[in-house]
Amino acid sequence: MHFLVINGPNLNLLGKREPEIYGHRTWDDLWALISQDIRATMPGVELTWFQSNHEGQIIDKLHEFGFNDQTGIVLNAGALTHTSIAIGDAVAGITTPVIEVHLTNVFAREPFRHHSYISAHAKAVIAGMGLGGYKAALYHLAWLLSASK
């Protein structure tokens, strides 16, 4: 199995941007913890992560990984979640399961964050669990892919 984690705009600023909301750890710090845990509990799983501040690059990555029955995608599209019909369409157009993840509870934040163009096409939505949301998404993808065999 191969899991891809896609992070959208401004997630490259974790640890610097609004640490009172997003925490003090950088994405590299978080990725090290996630990878260590997943590799220890799911040997043989390949993990890749990708971050872009550009909508088209995220769509291209979804298309690249989107038609493999041994692949799962964790997508935190950041603010594009609430604005990008194109990313929602890309998720709808692929066969690889996608789990939508948000570090914070978007429903406890500004009203514009309550709508997602991705959720209707995702296998699950996880919000407000911080780093744990990524881990939960990866475990759920492993379960989905194992159950489909």
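Residues numbered from 1 in each chain as written. Predicted model: local features only at pLDDT ≥ 70, side-chain atom pairs only at ≥ 80, totals over all residues. Heavy atoms only, no water.

A. How the structure looks around the environment of alanine 86. Note that alanine 86 resides in helix 4 (residues 85-93). Taking the relative accessible area as the measure of exposure, alanine 86 reaches 36% and is therefore partly exposed. Through-space distance from the C-alpha of alanine 86 to that of glutamate 55 is 8.3 Å; in sequence the pair is 31 residues apart. Look past the residues within four positions of alanine 86 in its chain and what remains in contact with it is Glu55 and Ile59. (Helix = DSSP H or I, 4+ residues; strand = E, 2+ residues; numbered from the N terminus. Buried < 20%, exposed > 50% of the residue type's maximum accessible area, 1.4 Å probe, protein only. Contact = heavy atoms within 4.5 Å.)

B. Structural view of the pattern of salt bridges. In this structure the tally under the stated criterion is one salt bridge. A salt bridge links lysine 61 to glutamate 64, with the shortest nitrogen-to-oxygen separation between them at 3.4 Å. With a gap of three residues between them, lysine 61 and glutamate 64 both fall in helix 3 (residues 55-65), about one helical turn apart. The exposure class of lysine 61 is buried, given its relative accessible area of 18%. Judged by relative accessible area, glutamate 64 falls into the exposed class, the value being 54%. (Salt bridge = Lys/Arg side-chain N within 4 Å of Asp/Glu carboxyl O.)

C. View of the packing of aromatic side chains. A full pass over the atoms with the stated rule returns four aromatic pairs. Over the ring of phenylalanine 50 we find lysine 61; its NZ or CZ atom is 4.8 Å from the centre of that ring. (Phe/Tyr/Trp six-rings, centres within 6.5 Å; stacked < 30°, edge-to-face > 60°. Lys NZ or Arg CZ within 6 Å of the ring centre and 35° of its normal.)

D. Focus on the layout of surface pockets. Of the pockets and cavities examined, the largest pocket occupies roughly 170 Å³. Together, 15 residues line the largest pocket, and Tyr22, Gly78, Ala79, Arg109 and Arg113 are the ones closest to its centre. Split into classes, the residues belonging to the lining of the largest pocket amount to six nonpolar, six polar and three charged. (1 Å grid on protein atoms, 1.4 Å probe; cavity = no way out; pocket = protein on both sides within 12 Å on 5 of 7 lines; lining within 4 Å. Points joined across faces, edges and corners; volume = space filled by probe spheres on them. Nonpolar A, V, L, I, M, F, W, Y, C, P; charged D, E, K, R; others polar.)

E. Quick look at the pairing of strand 3 (residues 71-76). The buried fraction of strand 3 amounts to six of the six residues, a majority that puts the element mostly inside the structure. Going residue by residue along strand 3, you find Thr71, Ile73 and Leu75 tucked away on one face and Gly72, Val74 and Asn76 tucked away on the opposite face as well. Sheet topology places strand 1 (residues 2-7) next to strand 3; six bridges connect them, and they run parallel. Note that in strand 3 the partner of phenylalanine 3 across the bridge is glycine 72. Where strand 3 lies against strand 4 (residues 98-102), three bridges are found, and the strand directions are parallel. (Pairing = 2+ DSSP bridges.)

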